[in-house]
Amino acid sequence: MNRFLLASLLSLAIGLAAAQELQLEKQVFEIGRQLRCPVCVSESVADSNAQISIEMRQLIQEQLEEGRNEREILAFFQERYGDWILLNPPKRGLHLVVWLLPVLVGLGGAFTLVVLVRRWLKSTATPLEVDETELERVRAELEHASEGPSKSL
Amino acid sequence: MVDLSLGQLGSGSILLALVLALYAAVTGMAGAWRRDARLLTSARLAAGAVFLAMTSAVLVMEAALLSDDFTVKYVAEHSRIASPVWVKVVTLWAALEGSILLWGWLLTGYTAILAVTAPNSTLRPWALAIMQLAQIFFIGVSALVANPFSIVPNPPLDGPGPNPLLQNHWMMSVHPVLLYLGFVGLTVPFAFAMSALITRRPGSEWMTLTRRWTLTGWGFLTAGIVAGGWWSYEVLGWGGYWAWDPVENVSFMPWLTATAFIHSVQVQERRRMLKAWNVLLITLTFALSILGTFLIRSGIISSVHAFGDGPVGPVFLGFFLVIMVSAFGLIALRWDQIRDRAELDSVVSREGSFLTGNVLFLAMAFAILLGTLFPLIVEALTAEKVTVGAPFFDQVTLPIWLLIFLLMGIGPLLPWRRAEEQSLKRNLAWLAGAFLVSGGLAFALGMRKVYPLATVALAGYNFTSLGLLITGALHPRIRLSKRSPVAIFKSYAFENRRRFGSMIVHSGVIVVALGVMASSGYRVDEQLRLDFGTSVPFRGYDLTAVDRFMERTPGRISAGVVVEVWQRGRLVTTLRPRTNVFGQNPQTISTPAVLYTPKWDLYLNLASSIGPDQEFVVIRAVQSPLITWIWIGGLIVALGTAYALSPQTRQHRTVRGEEAART
């Protein structure tokens, strides 16, 4: 009874067609890692155990056996599902924003840093800032000092 | 006497905490404003009372969970009679309302500790007031928006239990708590920074006062992220630990800004520079932790961790905006005091390397934020769906990581102000040599991928840097003293805890980097069909499925396969990957079985059903080189942080600390 219950539960839940060719090679997962599992949240075809991912892995395996290479297989899925299926956004159109903006911000940060550093480096060369009243006092004392001896003369 | 239900008791505790927190914040601010010591003392005592009230709320929730009181909404929605006791206990943070209650409770705990232990200073009153405002937010959300204690009019006989993913492994009980402790810990320096601006004392006092809190918070956050990675490795069944999932990203962004912060504050302490920048960094750290909660709890971003949508998201967004506006407003108001009239002697100096590091950490945080938000923004503007996935994040962050890694080696070797040319040249020669030798060795051993090669080369370079740091510090001591080098090393490590702790942390980071490099660069996945009794080769192992098994524990049914792992004719181990069904939940959760070894892990996960009459099973087999070293490295980082925090006697700190500062 237990055995039966368990078997039906698990087979139902996993829903894997046992008739499939079940050996998948390493390359299937490398390609699958670049494809989004269409029904999951942030999981790749390589990582997900959803039915559709299992079928897609199968499809990749078949196409590999037909002698297609990685680029052709990715293009095949892209044609079917659109750019959305690629976990790595293609470097064109709207997607360029997400590729270029970090680079621009990085460069902007580096540029700001250079500007600031140059300003800070210069500031060491400028003379010390002296308080105006302090300056007055020193001047007065200097005058006093130079006056002092002349008076005694 | 009126008979109170647990729900009423819990709601009452939260409301009491809210009232007390309001009182504490109002008296605290009034006391700070009017410099009234009596009001301030009252506010500090109230902080203790808030903590007690929240403790009572948490205890009531645990009591409700443990006693299966399904009249309490949270218990009815997320618990189950058949769950083991530990699952019931951790169910507190297995869903949204409980997590916020826990976060709020930890925040009141920190505030209470701070109220008692923080030395009396000009900064303390406003810092406590800011902590109290933050806790009002969390308690308020618990009381008014996401009350876990709402009473269910028609209580069910049993509940559905927590998300199966969350009751599948004991490690679930670890990382959320660590992360919350991290976020809450980093609230403390933020509160002191704001207080410093309010009281017009923007010197380095606020950061010296909160140094321990900052390091503690950072340590917990780091440990939480690593423990979370380990959890997903043990539970999610795909043999990895980091998927650039939105939830991972939003925990990682505050970590990046916090890491920039703990380095950047040293520049202000030593050179009185970057006052505004440091305030900005700690504000960003705090704000990002709140923004993250908004992103993943509002349901606008889907994630494995999303608990579902609700009114909580907008409230967090509002709080995020309030923090940003008021912090930036304060910075603008005090701009005259905090803008840098700084001077820099040379870029080739410790402060120069920290400045560059700041840019790199922030650039990485920005790229991750953009990648996480981009699909959302595009969909909102154009109704088009786009995906930004793991390969994008890898490509954008890896070069930045390598640059950070490069800085990590050279930065600590540079003195403050200006590097002396001779010693700089000598150090650079050592580092370049180490880089070339370790990179060359890796190449000779057959590594050809660019990033892994660079990582190995930089790991050698960084270990050499640590060696130079130690010998540089020990050499003069050994020359001047008659004691043995070992004794001198011991006393150096003992007396310069902060410095030596940072070296331990950095060595842990190198270990983590090597683990990440090898496990992602050289991982091998295969899907194998194992016919019972027939051995199948996989990466030098022979796998034989010998039997199947079934377990029934209360609330869980598991079925699995017994796989013998043979290597060169010897039985290495027996692995038992299984799959589980929890209660009435239709979702099946696989539990992988892992053979941990120092060289690589063998990771088996069930990929098919195991019917009683089936002659075979399908297994996902993964070999991940060096992956264990990620967890070991994480542990080293945590221990190093703890070492840097361990108390030191005052005499050592003043005398030896000064000495260390000069070297």
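In this text the structure is predicted, and so the values were computed from the model without any measurement. Every chain is numbered independently, its residues counted from 1 as its sequence is written. Here chains are named by letter from A upward and ligands by number from 1 upward, in the order in which they appear as written. Residues qualify for local features only when their pLDDT is at least 70, as the model is predicted, and side-chain atom pairs are given and counted only at 80 or more; totals for whole chains, interfaces and linings, by contrast, use all residues.

Asks: Got a minute to help me understand the overall build of chain A in this structure?
Replies: Only runs of H or I of at least four residues qualify as helices and only runs of E of at least two qualify as strands under DSSP, and these elements are numbered from the N terminus. Of regular secondary structure, chain A possesses 6 helices and 0 strands. Scanning chain A from its N terminus toward the C terminus, one meets helices and strands in the order α-α-α-α-α-α. Counting over 153 residues, chain A shows a buried share of 25%. What counts as a contact here is a pair of residues whose C-beta atoms, placed from the backbone, lie within 7 Å. Of all intrachain contacts in chain A linking residues separated by at least 6 positions in sequence, the fraction that spans at least 24 positions is 45%. The exposure label follows from counting other C-beta atoms within 10 Å of a residue's C-beta, where the C-beta atoms are placed from the backbone and the thresholds are 20 or more for buried and 12 or fewer for exposed, leaving partly exposed in between.

Asks: Teacher, can you tell me more about the overall build of chain B here?
Replies: For chain B, the count of helices and strands is 21 helices and 10 strands. In this setup the radius of gyration rests on C-alpha atoms only. A globule is expected at 2.2 Å times the number of residues raised to 0.38. Over its C-alpha atoms chain B spans a radius of gyration of 27 Å, differing by no more than 12% from the 26 Å that the globule rule assigns to 663 residues. By principal-axis analysis of the C-alpha atoms, chain B measures approximately 80 × 80 × 60 Å. Across chain B, contacts joining residues at least 24 apart in sequence account for 72% of those joining residues at least 6 apart.

Asks: Just checking my understanding: could you explain the pairing of strand 3 (residues 541-553) of chain B for this structure?
Replies: Residues and elements named next belong to chain B. Two strands qualify as a pair provided that DSSP identifies no fewer than 2 bridges between them. Bridge count for strand 2 (residues 535-538) against strand 3 is 4 bridges, and the pairing is antiparallel. Looking at strand 3, one finds that S535 is bridged to T544. Pairing geometry for strand 3 and strand 4 (residues 556-567), over 11 bridges, is antiparallel. Directly across from D547, in strand 4, lies its bridge partner V562. Taking the residues that link successive antiparallel strands as the turn, the strand 3-strand 4 hairpin has 2 residues, and the phi of G555 there is positive, at about 90°.

Asks: How do you make sense of the domain arrangement of chain B when you look at a structure like this?
Replies: It is common to give the size of an interface as the accessible area lost on bringing the parts into contact. Residue and element names in this part refer to chain B. Domain annotation of chain B identifies domain 1 (1-167), domain 2 (173-410), domain 3 (411-521 + 630-662) and domain 4 (524-628). An automatic or database domain assignment supplies the start and end points of every domain. Averaged C-alpha coordinates put domain 3 and domain 4 at centres separated by 41 Å. Across the boundary between the two partners, domain 3 contributes 7 residues, which contact 5 residues of domain 4. Contributions of two or more residues to the side of domain 3 that touches domain 4 are made by helix 19 (497-521) and helix 20 (628-645). In terms of residue count, helix 19 provides more of the side of domain 3 that touches domain 4 than any other element does, 4 residues in total. Here the residues of the side of domain 3 that touches domain 4 sort into 5 nonpolar, 2 polar and no charged. Polar here means any residue other than Ala, Val, Leu, Ile, Met, Phe, Trp, Tyr, Cys and Pro, which are nonpolar, and Asp, Glu, Lys and Arg, which are charged; Gly is therefore polar.

Asks: Looking at this model, I keep getting lost on helix 17 (residues 450-480) of chain B. Mind explaining?
Replies: Each full turn of the α-helix corresponds to 3.6 residues, which orients residues three or four apart in the same direction. In this analysis, the expected span of each helix is defined as 1.5 Å times one less than the number of residues it contains. Look at helix 17 of chain B: 45 Å from first C-alpha to last across 31 residues, which is about the 45 Å you get at 1.5 Å a residue. By definition, a residue's bend is the angle between the axes fitted to the seven residues ending there and the seven starting there. At L474 of chain B, helix 17 of chain B shows its maximal bend, which comes to roughly 30°, and the proline P476 of chain B appears one to four places after that position.

Asks: Is there a simple way to think about unusual backbone geometry in this case?
Replies: Negative phi is the rule for most residues except glycine; trans is the rule for most peptide bonds. Residues and elements named next belong to chain B. The phi angle at R35 is positive, at roughly 50°, despite the residue not being glycine. Among the structural elements, R35 can be located in the loop between helix 1 (6-34) and helix 2 (37-66). The exposed category is assigned to R35, around which 10 C-beta atoms lie within 10 Å. Of note in the backbone geometry, L626 takes a positive phi value of approximately 55° without being a glycine. With respect to the helices, strands and loops of the structure, L626 is situated in the loop between strand 10 (616-625) and helix 20.

Asks: I would appreciate a short explanation of the sheet that holds strand 9 (residues 600-606) of chain B in the present structure.
Replies: The strands that make up a sheet pair up through hydrogen bonds in the backbone, lying either parallel or antiparallel. Residue and element names in this part refer to chain B. Ordered in space as 1-10-9-8, the 4 strands form an open sheet in which the pairing is antiparallel. At either end of the open sheet lies a strand with only one pairing partner, and these are strand 1 (524-531) and strand 8 (593-595). Neighbour-to-neighbour, the strand axes of the sheet open up by a mean angle of 25°, direction not taken into account. Orientation is described by lines fitted to C-alpha atoms, with helices fitted over the stretch in contact, and by angles between N-to-C directions that extend from 0 to 180 degrees.

Asks: How do you make sense of the interface of chain A and chain B when you look at a structure like this?
Replies: Chain A puts 46 residues into the contact, and the matching count from chain B is 54 residues. If you list the elements that add at least two residues to the side of chain A that touches chain B, you get helix 1 (2-14), helix 2 (26-32) and helix 5 (96-125) of chain A. Considering every element that reaches the side of chain A that touches chain B, the biggest residue donor is helix 5 of chain A, with 13 residues. Broken down by class, the residue content of the side of chain A that touches chain B amounts to 27 nonpolar, 12 polar and 7 charged.

Asks: It is not clear to me how the pairing of strand 5 (residues 570-575) of chain B should be interpreted in this structure. Could you clarify?
Replies: Consecutive residues of a regular strand have side chains that alternate between opposite faces of the sheet. Residues and elements named next belong to chain B. Where strand 4 and strand 5 come together, 5 bridges link them in antiparallel fashion. Pairing of E564 across the sheet is with T574, part of strand 5. Between strand 4 and strand 5, which pair antiparallel one after the other, the connecting turn spans 2 residues, and R568 there sits at a positive phi close to 45°.

Asks: I'm lost on the packing of helix 6 (residues 124-145) of chain B against helix 12 (residues 312-333) of chain B in this one. Help?
Replies: Relative orientation and spacing of two packed helices are given, respectively, by the angle between their axes and the distance between those axes. All names here are of chain B. Orientation of helix 6 relative to helix 12, taken along the N-to-C sense of each, is 155°, at an axis distance of 12 Å. Taken together, helix 6 and helix 12 sit at an angle that is classed as roughly antiparallel. Two packed elements cross with a definite hand, and for helix 6 against helix 12 that hand is right-handed. Contacts between helix 6 and helix 12 involve F137, V141 and V145 from the former and V312, V315 and F319 from the latter. For classification purposes, an angle smaller than 35 degrees is called roughly parallel, one larger than 145 roughly antiparallel, one from 65 to 115 roughly perpendicular, and anything else oblique. Helix crossings are classified by the rotation of the near helix relative to the far one: an anticlockwise turn of less than a right angle makes the crossing left-handed, while a clockwise turn makes it right-handed.

Asks: Sorry if this is basic, but what is going on with the packing of helix 7 (residues 175-198) of chain B against helix 12 of chain B here?
Replies: All names here are of chain B. Direction vectors running N to C along helix 7 and helix 12 enclose 35°, while the axes themselves pass 9 Å from each other. The handedness of the crossing between helix 7 and helix 12 is left-handed. Judged by residue contacts, M194, L197 and I198 of helix 7 engage A327, L330 and I331 from helix 12. Across the contact of helix 7 with helix 12, the residue classes break down as 6 nonpolar, no polar and no charged.

Asks: I would appreciate a short explanation of helix 12 of chain B in the present structure.
Replies: Residue and element names in this part refer to chain B. For helix 12, built from 22 residues, the straight-helix expectation of 32 Å at 1.5 Å per residue is met to within 8% by its first-to-last C-alpha distance of 31 Å. For helix 12, the set of buried residues is V312, V315, F316, F319, F320, I323, A327 and I331. The arc that holds every buried residue of helix 12, seen down its axis, measures 145°, which confines them to one face. More than 90 degrees from the buried face of helix 12, the exposed residues found are P314, V325, G329 and A332. What the arc describes is the spread of directions from the helix axis to the C-beta atoms.

Asks: Just to check I follow, could you spell out the nonpolar core for this structure?
Replies: Grouped burial of nonpolar side chains is what soluble globular proteins tend to show. Residues and elements named next belong to chain B. Among buried residues, those of type Ala, Val, Leu, Ile, Met, Phe, Trp, Tyr and Cys that are joined through C-beta atoms within 7 Å form a set called a nonpolar core. In terms of nonpolar packing, the biggest core is built from 213 residues, with A17 and V50 touching the most fellow members. Counting residues per element, this core draws most heavily on helix 7, at 16 residues. Sequence-distant contacts of V50, that is, excluding residues within four places in its chain, are made with A17, L20, A21, A24, T108 and Q135. Counting residues in hydrophobic clusters, the runner-up holds 21 residues, among them A545, L604, A607 and V622.

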